[in-house]
Amino acid sequence: MIEVKNTSFKMLFSMSVLIYMICVSCQDGQRSSHEISIDQPNIIIIYADDLGYGDVSAYEQGTLNTPNFDRIAKEGILFKRGYASSATCTPSRYASLTGQYPWKNKRARILPGNAPLIIDTTMQTLPKIMQSAGYKTAVIGKWHLGLGHRELDWNGKIDPGPNQVGFDYSYILASTNDRTPTVYVENHRVVGLNAEDPLEVHYKKNFPGEPTGKENPEKLKVFPSHGHDMSIHNGISRIGFQTGGVDARYIDEDMSDTILSRSLEFIEKHQQVPFFLFYSLHQPHVPRVPHPRFVGQSGMGPRGDVILEADWAVGQVLDKIDQLGLAENTLILFSSDNGPVLNDGYQDQAVEKIGNHTPHGGLRGGKYSLYEAGTRVPLMIRWTGKINPMISEALVSQIDFSASFAKLLGVPIGQMDSQELLDAFLGKTERGRDSLVLEAIGRKSYLKRDWVLIPPHSGNPIISTVGIESGASNEYQLYRLIDDRSQQNNLAEEFPQKVMQMEKELNHLLENDD
């Protein structure tokens, strides 16, 4: 052992050793000031698309068997009162990633495929919170939050996008699988684009010589039921028009495998550092085109088949986490952007083959609806060794991810609608939110503990294209969910004071939306 007697030299020697140790640590390139620890888990959000409360067998409502979704619930927490912020996709995704109510942003509605980015790049988003805690971040799968600015050139650099709102890596559907353009975008570029065959997209007029589902049904293998009859690709007509970019266009049957393989690659690559993955499934959104491995597996037609396909893919992610020895340091959250819908634009026998299955899980309504099935969705969290298996009655919302994960990671946040519910998400309490504003295609309802108020709204009570109750009525609707989860007993006339108080609170929230 070296004996150092001179005091000044001792200090110099000690500082040199410390600097050397820091340098060695930094040379790792993956472990510097943000070593993985049990208090800084990897975080994976698995976000399904149009999956209903009753589509997950852990909720014991439908007849589909989803063993891999169920693994998350059985090994963690199953929330019986977990809510998306909206009954449609873009607003819910906006709220999940920004921690803000989507109705505060007038552009946060179902977007066309050529819409500009709707998230302000200066906002403190969920992925930015992760980045500030030293995480590597990625979004892989469906995006549908807009890209670039108006008049976007798909053949150049696509900016701004996910990379400008907190994601280090992005591999996304440009919009959603029933809209043009039918391509993937990796970071700032369309994947596989041939410069000699430029991609053009339009949402008002077709391009010369391009077939459409409306005019050329002989070219289709999946037929539209309403809308969805514009540009044809892979035997499926879509919403919107496109021309060129043929080499870049995806194959629907391979989409799940493509999104999965990219997600597994990200996990493998970043297993030595804390990472955040927003694994964004496209199932069971239309068009429902499962890989041949899953065709006929559910007995319910393509909708049931793609749910089983998604369940298998989620199982592959869970297996990868276990194989890499990351289970005890990875928090996995599973949910859906809104409730279920059967006939959503294509003739795929979803209605005819539903049998005894109940995607709505005994709730009223569905996608697009103010009733419970529009926004009450599957929500489960697994963190092996940190979360004890349980069923929770806590009222929680996807909008609360930002504040809750910021608390977990010790990251300060600015003003948000997101509430810090970390203890509820970790199963330490069943006390969740006190109230929540929900919305469906511009209409709003107000959830307060066990009560929900739907104020009068104009519009058709039935959304004719999908056959779902919208929740619109000329009368006030008040339901006590604790004993009327199917919302069959309107108590508005019996409890007028409750109606007045809840409407006053809702109006106060809507008037103070800055």
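Everything below is about the structure printed above this text.
Residues numbered from 1 in each chain as written. Predicted model: local features only at pLDDT ≥ 70, side-chain atom pairs only at ≥ 80, totals over all residues. Heavy atoms only, no water.

(A) Structural detail: the sheet that holds strand E14 (residues 379-382). In space, the 10 strands of this open sheet follow the order E7-E6-E5-E4-E12-E1-E13-E14-E2-E15, with mixed pairing throughout. Looking at which strands have only one partner, the edges of the open sheet turn out to be strand E7 (189-190) and strand E15 (390-392). As judged from the 4 bridges shared by strand E13 (residues 330-336) and E14, these two strands associate in the antiparallel manner. Pairing of Ser 335 across the sheet is with Leu 379, part of E14. Lying over the sheet, helix H2 (residues 67-74) contacts strand E1 (42-48), strand E2 (77-79), E13 and E14, oriented at roughly 65° with respect to E14. Its contacts with the sheet put helix H5 (residues 255-269) on E1, strand E4 (136-142), strand E5 (169-173), strand E6 (184-186) and strand E12 (275-280), and the angle it makes with E12 is roughly 175°. (Pairing = 2+ DSSP bridges. Helix = DSSP H or I, 4+ residues; strand = E, 2+ residues; numbered from the N terminus. Contact = heavy atoms within 4.5 Å. Axes fitted to C-alpha atoms, helices over the stretch in contact; angles between N-to-C directions.)

(B) Broad picture of the packing of H2 against helix H6 (residues 302-323). Two numbers describe how H2 lies on H6: the axes approach to 7 Å, and their chain directions differ by 50°. Between H2 and H6, the interaxial angle falls into the category oblique. Of the residues in H6, those in contact with Pro 67, Asn 68, Phe 69, Arg 71 and Ile 72 of H2 are Ile 307, Ala 310, Asp 311, Trp 312, Val 314, Gly 315, Leu 318, Asp 319 and Asp 322. Class assignment for the residues of the contact of H2 with H6 results in 8 nonpolar, 2 polar and 4 charged. (Parallel < 35°, antiparallel > 145°, perpendicular 65-115°, else oblique. Nonpolar A, V, L, I, M, F, W, Y, C, P; charged D, E, K, R; others polar.)

(C) Quick look at the side chain of Asn 105. Tracing the backbone shows Asn 105 in the loop between helix H3 (89-98) and helix H4 (126-132). Overall, Asn 105 belongs to the buried group, its relative accessible area being 16%. One polar contact links the side chain of Asn 105 to the main-chain carbonyl oxygen of Ile 118, over a distance of 3.0 Å. (Buried < 20%, exposed > 50% of the residue type's maximum accessible area, 1.4 Å probe, protein only. Polar contact = N/O pair within 3.5 Å; in protein donor to acceptor, adjacent residues only side chain to side chain.)

(D) The packing of H5 against H6, seen in detail. With their axes 11 Å apart at the nearest point, H5 and H6 run at an angle of 15° to one another. In this view, H5 runs roughly parallel relative to H6, as classed from their interaxial angle. Viewed along their axes, H5 and H6 form a crossing whose handedness is right-handed. Of the residues in H6, those in contact with Ser 256, Asp 257, Leu 260, Leu 264, Ile 267 and Glu 268 of H5 are Glu 309, Trp 312, Ala 313, Gln 316, Val 317, Lys 320 and Ile 321. Within the contact of H5 with H6, the residues separate by chemical class into 7 nonpolar, 2 polar and 4 charged. (Left-handed = near helix turned anticlockwise from the far one by under 90°.)

(E) Here's a closer look at the packing of aromatic side chains. Tallied over the entire structure, the rule returns 15 aromatic pairs. Feature note: the residues Phe 79, Phe 401, Phe 405 and Phe 425 constitute an aromatic cluster, connected by ring pairs. Lying across the ring of Trp 312, Arg 293 places its NZ or CZ 5.0 Å from the centre. Across from the ring centre of Trp 383, 5.5 Å away, lies the NZ or CZ of Lys 386, which sits over that ring. (Phe/Tyr/Trp six-rings, centres within 6.5 Å; stacked < 30°, edge-to-face > 60°. Lys NZ or Arg CZ within 6 Å of the ring centre and 35° of its normal.)

(F) Representation of the sheet that holds strand E17 (residues 435-440). The sheet built from 4 strands is open, its strands ordered E17-E18-E19-E22 with antiparallel pairing. The open sheet has two edge strands with one neighbour each: E17 and strand E22 (477-480). Direction aside, the axes of adjacent strands within the sheet are offset by 20° on average. Across 4 bridges, strand E19 (residues 451-454) lies against E22 in antiparallel orientation. Pairing of Ile 454 across the sheet is with Gln 477, part of E22. Where helix H10 (residues 496-511) meets the sheet, its contacts fall on E17, strand E18 (443-448), E19 and E22, and the angle it forms with E18 comes to roughly 120°.

(G) Up close: unusual backbone geometry. In this model, Asp 159 is joined to Pro 160 through a cis peptide bond whose omega is 0°. Structurally, Pro 160 is set in the loop between E4 and E5. That bond from Gln 283 to Pro 284 is cis: its omega, -5°, falls within 30 degrees of zero. Residue position: Pro 284 is located in the loop between E12 and H6.

(H) Just the pairing of E19, in detail. Both faces of E19 are covered, namely the face carrying Trp 451 and Leu 453 and the face carrying Val 452 and Ile 454. Relative to E19, E18 runs antiparallel, the two sharing 3 bridges. Each bridged residue has a counterpart across the sheet, and for Leu 447 the counterpart in E19 is Val 452. Linkage of E18 to E19, two consecutive antiparallel strands, is achieved through a turn of 2 residues, within which Arg 449 is found at a positive phi near 55°.

(I) Here's a closer look at the pattern of salt bridges. Evaluation of the coordinates by the stated rule reveals 27 salt bridges. The salt bridge partner of Arg 288 is Asp 348, with a shortest N-O separation of 3.0 Å. One end of the pair, Arg 288, is in the loop between E12 and H6; the other, Asp 348, is in the loop between E13 and helix H7 (372-375), with 60 residues separating them in the sequence. Under the relative-accessibility criterion, Asp 348 is labelled buried at 7%. A salt bridge links Arg 449 to Asp 434; the nearest nitrogen and oxygen atoms lie 2.8 Å apart. (Salt bridge = Lys/Arg side-chain N within 4 Å of Asp/Glu carboxyl O.)

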